[in-house]
Amino acid sequence: MDEILVVPFPHAGHIFPATQLSAHLARRNYNVTLILPSSSSSSSASSPPHPLVRIVDFSLPHTNRIQPQLLEDTLHALLAGIFQHVGLEHHQDASFPSSLPRKPPLCVIVDDMISGLIDTCVQHQVPVVSFFTSGASAAALDHATLELSPEDFASAPLSTAVTIPDLPTEMALTASDVSSRHQPFGGPGSVEIGEAEQH
């Protein structure tokens, strides 16, 4: 049976939709491995939502601030280890955790907040897709933010809202909004837990 790996950003607002997606895929007869931080092990999200879904924990420091580089390094090492192991002929090695996949996955679904992991999948020639857990308005703003340039705000003070082409006037942004917004697809900087909830 085909295996799909699902890797959410380690925050409840991302884990819950990833868990629901995993259950949906399992109902379509796919084995699903959901990769979650061990810090969420006491939550209901750590209980597999379907018999074909298994949860693999990884260690992450208990902190109010998630350091993107540490998170991506940790998950890169985990995914790279999985990909390297399943590519070996002798992959029944007893030292390999039984909870991890035993054959190359059909694909990996990666939360866009940790999309640096897409490179890990590409390096190992594993198909990968990005999973955006926010609504259409947030997606539109993120896309618009990527399309903006400093010149778009050059004539406006930091606190003056600038209308974004093709979006309602109510979704206007200021220069300070743009500089503080989450940059999708591996953008730089730390992400506050509370900030992640908003996206």
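Scoring rules and cut-offs
Along each chain, the written sequence defines residue order, and numbers are assigned to residues from 1. Local features in this predicted model are restricted to residues of pLDDT 70 or higher, and side-chain atom pairs are both shown and tallied only at a pLDDT of 80 or more, whereas totals for entire chains, interfaces and linings draw on every residue. Excluding hydrogens and water, the side-chain values take into account all heavy atoms of the structure. UniProt positions are given in the numbering used here, feature names are shortened, and annotations may be inferred rather than shown by experiment. In DSSP terms, a helix is any run of H or I states spanning at least four residues, a strand is any run of E spanning at least two, and both are numbered starting from the N terminus. Type-normalised accessible area, obtained with a 1.4 Å probe on protein chains alone, sets the label of each residue: buried when under 20%, exposed when over 50%, and partly exposed for intermediate values. We call two residues contacting when some pair of their heavy atoms lies within 4.5 Å. Here, Shrake-Rupley sampling with a 1.4 Å probe gives the accessible areas, and only protein chains in the shown set may cover a residue. One speaks of a salt bridge when a side-chain nitrogen belonging to Lys or Arg is within 4 Å of a carboxyl oxygen belonging to Asp or Glu. Pairs of strands are assigned from DSSP output, requiring at least two bridges between the strands. Only the stretch in contact is used when fitting a helix axis, every axis being a line fitted to C-alpha atoms; angles between N-to-C directions are given from 0 to 180 degrees. To estimate how far a helix should reach, multiply one less than its number of residues by 1.5 Å.

As annotated in an unreviewed UniProt entry, the protein carries the name UDP-glycosyltransferases domain-containing protein and comes from Ensete ventricosum. UniProt, in the comment section headed Sequence similarities (unreviewed entry), describes the protein in these words: "Belongs to the UDP-glycosyltransferase family."

Novice: Whenever I open this one, the overall build of the protein confuses me. Can you help?
Specialist: Looking only at helices and strands, the protein features six helices and seven strands. The helix and strand sequence of the protein, counted from the amino end, reads β-α-β-β-β-α-β-α-β-α-α-β-α. Counting every position in the protein, which comprises 199 residues, the buried fraction comes to 43%. Pairs at least 24 apart in sequence give 57% of the contacts found in the protein among residues at least 6 apart. Split by element, the accessible area of the protein, about 10500 Å² in all, is 54% carbon and sulfur.

Novice: Help me out: how do you make sense of the pattern of salt bridges in this one?
Specialist: Any two side chains of opposite charge can pair if their charged atoms end up close together. Scanning all chains against the criterion turns up one salt bridge. Ionic pairing is found between Glu-3 and Arg-54, a salt bridge with its closest N-O pair at 3.0 Å. Taken together, the residues Glu-3 in strand β1 (residues 3-7) and Arg-54 in strand β3 (residues 53-58) connect sequence positions 51 residues apart. The class for Glu-3 is buried, based on a relative accessible area of 6%.

Novice: How should I be thinking about the sheet that holds β3 in this particular structure?
Specialist: Working definition: the strands of a sheet are paired by backbone hydrogen bonds and lie parallel or antiparallel to each other. Taken in spatial order, the five strands of this open sheet run β3-β2-β1-β5-β6, and their pairing is parallel. Two strands in the sheet have a free side with no partner beyond their single neighbour: β3 and β6 (128-131). Strand-to-strand twist of the sheet, defined as the mean angle between neighbouring strand axes without regard to direction, takes the value 20 degrees. Of the pairings in the sheet, the one linking strand β2 (residues 31-37) to β3 comprises six bridges and is parallel in character. Within the sheet, the bridge partner assigned to Pro-37 lies in β3 and is Phe-58. Each of β1, β2, β3, β5 (107-111) and β6 touches helix α1 (residues 12-27); the most contacted strand, β2, lies at about 165 degrees to it. Across the face of the sheet, helix α2 (residues 68-86) comes into contact with β1, β2, β3 and β5 while running at roughly 170 degrees to β1.

Novice: What exactly am I supposed to notice about α1 here?
Specialist: Because each turn of an α-helix spans 3.6 residues, side chains separated by three or four positions in sequence point in the same direction. Over its 16 residues, α1 extends 22 Å from the first C-alpha to the last, a length consistent with the 22 Å expected when each residue adds 1.5 Å. The set of residues buried in α1 consists of His-14, Ile-15, Pro-17, Ala-18, Thr-19, Ser-22, Ala-23, Leu-25 and Ala-26. A positive backbone phi angle near 75 degrees is found at Asn-29, which sits one or two residues after α1.

Novice: Could you clarify how one ought to interpret the pairing of β2 in this entry?
Specialist: Every other side chain in a regular strand lies on the same face of the sheet, so the side chains alternate between the two faces. Burial within β2 is extensive, with six of its seven residues counted as buried. In terms of strand pairing, β1 meets β2 through four bridges, oriented parallel. Counted as the bridge partner of Val-6 is Leu-34 from β2.

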